Amino acid sequence: MDAKAPITQDVLTIPRKLPEGPQNLIGLSRDQMRDALIAAGTPEKQAKMRVGQIWQWIYHWGVRDFAQMTNLAKDYRAMLADRFVIELPEVVTRQVSDDGTRKYLVRIAGGHEVEVVYIPETDRGTLCISSQVGCTLTCSFCHTGTQKLVRNLTAAEIVGQVMVARDDLGEWPVPGAPKDETRLLSNIVLMGMGEPLYNFENVRDAMKIAMDPEGLSLSRRRITLSTSGVVPEIARTAQEIGCQLAISFHATTDDVRDKLVPINKRWPIADLLDALRDYPKVSNSERITFEYVMLDGVNDSDADAHRLIKLIDGIPAKINLIPFNEWPGAPYKRSSNNRIRKFADIIYKAGYASPIRTPRGEDIMAACGQLKSATERARKSKAQIAQEAGL
Ligand code: SAH
Ligand code: SF4
């Protein structure tokens, strides 16, 4: 980023390896784990095999205690316990919506908190995970964008969200039990807090761990990364992650998109579409999801629908219409159901799938763009209580 478009502020990035104290094995790639084991005295010849064993214990069986890694010698387990930890974010609160959606508030180093949402559906279970605390981009319809403080999550904190959700769903395999192929947590979407492509390396490393066939083993086709349009990182996403891509498109003219998604001033619609044209080829994915939030009187006209179809011509695409989820003080209103249906119809008739996203977990403020607000509310009332008590 150069100085002319001050879209990002400084983002606090946690060093990957803390200089002292036991090292967390979560979040390390296989190569990094190998190096760490060698540095701890594992003979080089054995290191690859040890990584394979430990990896399976952690990511396949969900084991957190070195003592349970029974195919390792006892003194080796003791050495591991001395030098390493297996540490996940801490779940602070867990809420379950009437529709079965679960929202977890998890605490990470530094006392920061992020939200993780699990959405059960008949044919899948999707976990919506966060990549940053807050977001430096200031999309005007998004509550996360109103938060000031931003910190990049580490790879451990990103893959850790998947692991704590599996804990809560009771989904780690049990040795000896018959294989159960129906997974409660079958899909991941990077659609929680933050812009994943502003934290590329950590997101990539975490997703590589989630995709590893000897561990969590989630297919790249079941992982969707949503970006507001960080154009230079899109090709890298195809090459280095290869997951499904969703774009927060939301407008059909640069004038409107500049206001809704300010990163558009830096990488306007034409540049974004150019980057997207190559994505399916390079990533070998089928189609790109265009997310489009329906804002009353702003971006929801018939003319918008027709322009959208023209713009994406030639890109294998599906358009996901998201009814705007309101949050306290939001400057927009949700388009009416009739308007959304009419918009969807125009797109559908042009040959694109145009599902309308059903807001899930609204009663627990778990819907798109609402994340963090409940926590902030809780904080505010706590502060208020303190004030009233004269503290
Ligand atoms: N930063 C990334 C991913 C997180 S946002 C991105 O912007 O793509 C996930 C999706 O929720 C995005 O499409 C975003 O535009 C949308 N969203 C944000 N606030 C919303 C709101 N209040 N109502 C509906 N969708 C919203
Ligand atoms: Fe950030 Fe995405 Fe929200 Fe925009 S929509 S402020 S990029 S989280």
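Residues numbered from 1 in each chain as written. Chains lettered and ligands numbered in written order. Predicted model: local features only at pLDDT ≥ 70, side-chain atom pairs only at ≥ 80, totals over all residues. Heavy atoms only, no water.

K.L.:
Is there a simple way to explain the overall build of the protein chain in this structure?
P.N.:
If you tally the helices and strands in the protein chain, you get 11 helices and 13 strands. Here the protein chain, with 391 residues, has 52% of them falling under the buried criterion. Of all intrachain contacts in the protein chain linking residues separated by at least 6 positions in sequence, the fraction that spans at least 24 positions is 66%. As displayed, the protein chain has an accessible area near 18400 Å², and 51% of this comes from carbon and sulfur atoms. (Helix = DSSP H or I, 4+ residues; strand = E, 2+ residues; numbered from the N terminus. Buried < 20%, exposed > 50% of the residue type's maximum accessible area, 1.4 Å probe, protein only. Contact = heavy atoms within 4.5 Å. Areas by Shrake-Rupley, 256 points an atom, 1.4 Å probe, with all protein chains shown as cover.)

K.L.:
Would you mind going over the site of ligand 1 with me for this structure?
P.N.:
Around ligand 1 there are 21 residues in total, and Gly 194, Ser 226, Ser 248, His 250 and Asn 325 lie nearest to it. Here a nitrogen atom of ligand 1 sits 2.8 Å away from a polar atom, N or O, in the main chain of Gly 194. Ser 248 places a polar side-chain atom, nitrogen or oxygen, 2.6 Å from an oxygen atom of ligand 1. Here the shell around ligand 1 is built from residues that sort into 10 nonpolar, 9 polar and 2 charged. (Near = heavy atom within 4 Å. Polar contact = N/O pair within 3.5 Å; in protein donor to acceptor, adjacent residues only side chain to side chain. Nonpolar A, V, L, I, M, F, W, Y, C, P; charged D, E, K, R; others polar.)

K.L.:
Help me understand the environment of Asp 31 in this model?
P.N.:
Secondary-structure assignment places Asp 31 in helix α1 (residues 30-39). Judged by relative accessible area, Asp 31 falls into the exposed class, the value being 58%. Spatially, the C-alpha atom of Asp 31 lies 9.8 Å from that of Ala 47, the residues being 16 residues apart in sequence.

K.L.:
Would you take a moment to explain the packing of helix α4 (residues 155-169) against helix α5 (residues 200-211) for this structure?
P.N.:
Between two packed helices, what matters for the description is the angle formed by their axes and the separation of those axes. As a packed pair, α4 and α5 sit with axes 8 Å apart at the nearest point and diverge in direction by 40°. Judged on the interaxial angle alone, α5 and α4 are oblique. As α4 packs across α5, the resulting crossing turns out to be right-handed. Counted together, Ala 155, Ile 158 and Val 159 of α4 and Asn 202, Val 203, Asp 205, Ala 206, Met 207, Ile 209 and Ala 210 of α5 form the full contact between these two elements. The residue inventory of the contact of α4 with α5, partitioned by class, reads 8 nonpolar, 1 polar and 1 charged. (Axes fitted to C-alpha atoms, helices over the stretch in contact; angles between N-to-C directions. Parallel < 35°, antiparallel > 145°, perpendicular 65-115°, else oblique. Left-handed = near helix turned anticlockwise from the far one by under 90°.)

K.L.:
Would you take a moment to explain helix α6 (residues 234-241) for this structure?
P.N.:
Counting along an α-helix, one turn takes 3.6 residues, and residues three or four places apart therefore face a common direction. Buried within α6 are the following residues: Ile 234, Thr 237, Ala 238 and Ile 241. Angularly, the buried residues of α6 cover 115° about the axis, an arc narrow enough to put them on a single face. Where the residues of α6 are buried, they touch α5, β10 (223-227), β11 (244-248) and α8 (269-283). (Arc of directions from axis to C-beta.)

K.L.:
How should the pairing of strand β4 (residues 102-108) be read in this particular structure?
P.N.:
The two faces of a sheet get side chains in turn, since along a regular strand they alternate between them. With 6 of 7 residues buried, β4 lies mostly within the body of the structure. Examined bridge by bridge, strand β3 (residues 90-96) and β4 share 6 bridges and lie antiparallel to one another. Paired with Thr 93 across the two strands is Leu 105, which belongs to β4. Between β3 and β4, which pair antiparallel in sequence order, lie 5 residues; one of them, Gly 100, sits at a positive phi of approximately 95°. Note: β4 against strand β5 (residues 112-120), 7 bridges, orientation antiparallel. (Pairing = 2+ DSSP bridges.)

K.L.:
Looking at this structure, how should I read the site of ligand 2?
P.N.:
As a matter of local geometry, ligand 2 sits amid Cys 135, Leu 137, Cys 139, Cys 142, Gly 145, Gly 194 and Ser 228. Here the shell around ligand 2 is composed, by residue class, of 4 nonpolar, 3 polar and no charged.

K.L.:
Help me understand a negative patch on the surface, please; the structure alone is not making it clear to me.
P.N.:
There is a patch of like negative charges on the surface, built from Asp 254, Asp 255, Asp 271 and Asp 274. Secondary structure elements with two or more residues in the negative patch: α7 (254-260) and α8. Among the structural elements, Asp 254 can be located in helix α7. In this structure Asp 254 comes out as partly exposed when scored by relative accessible area, which is 33%. (Patch = residues over 30% accessible without salt bridge, like charges linked within 9 Å, V, L, I, M, F, W, Y side chains within 5 Å. Salt bridge = Lys/Arg side-chain N within 4 Å of Asp/Glu carboxyl O. Lys, Arg positive; Asp, Glu negative; His and termini not counted. Charge placed at Lys NZ, Arg CZ, Asp CG, Glu CD.)

K.L.:
I would appreciate a short explanation of the nonpolar core in the present structure.
P.N.:
Nonpolar side chains in soluble globular proteins generally cluster together in the buried interior. Within the largest apolar cluster, 108 residues are counted, with the highest numbers of intra-cluster contacts made by Ile 54, Phe 141, Met 207, Leu 276 and Phe 290. Domain assignment of the residues forming this core places at least three in each of domain 1 (27-85) and domain 2 (90-383). In this view, Met 207 contacts Ile 129, Ile 158, Leu 190, Ile 223 and Ile 241; residues no more than four positions away in its chain are not counted. (Core = buried A, V, L, I, M, F, W, Y, C linked by side-chain atoms within 4.5 Å. Domains from an automatic or database assignment.)

K.L.:
Explain the packing of α6 against α8 to me, please; I cannot follow it from the model alone.
P.N.:
One can describe the packing of α6 onto α8 by two numbers: an axis separation of 8 Å at closest approach and a directional angle of 10°. For the element pair α6 / α8, the angle class is roughly parallel. Where α6 approaches α8, its residues Ile 234, Thr 237, Ala 238 and Gln 239 are matched on the opposing element by Leu 272, Ala 275, Leu 276, Tyr 279, Val 282 and Ser 283. Counted by class, the contact of α6 with α8 contains 7 nonpolar, 3 polar and no charged residues.

K.L.:
How should I be thinking about the pairing of β10 in this particular structure?
P.N.:
For β10, the tally of buried residues reaches 5 of 5 residues, placing the bulk of the element in the interior. Covered by surrounding structure in β10 are Ile 223, Leu 225 and Thr 227 together with Thr 224 and Ser 226, the residues of both alternating faces. Note that strand β9 (residues 187-190) and β10 share 3 bridges and pair parallel. Note on β10: the bridge partner recorded for Leu 190 is Leu 225. Looking at chain direction, β10 and β11 are connected through 4 bridges and run parallel. Directly across from Thr 224, in β11, lies its bridge partner Gln 244. Between β10 and its parallel partner β11, the chain crosses via α6, and the hand of that crossover is right-handed. (Right-handed = clockwise from strand over helix to strand, strands pointing away.)

K.L.:
What's the story with the side chain of Glu 157 in this structure? I'm lost.
P.N.:
The topology assignment puts Glu 157 in helix α4. Assessed through its relative accessible area of 9%, Glu 157 is described here as buried. Residues in contact with Glu 157, not counting those within four places in the same chain, are Pro 89, Ile 108, Ala 109, Arg 151 and Asn 152.

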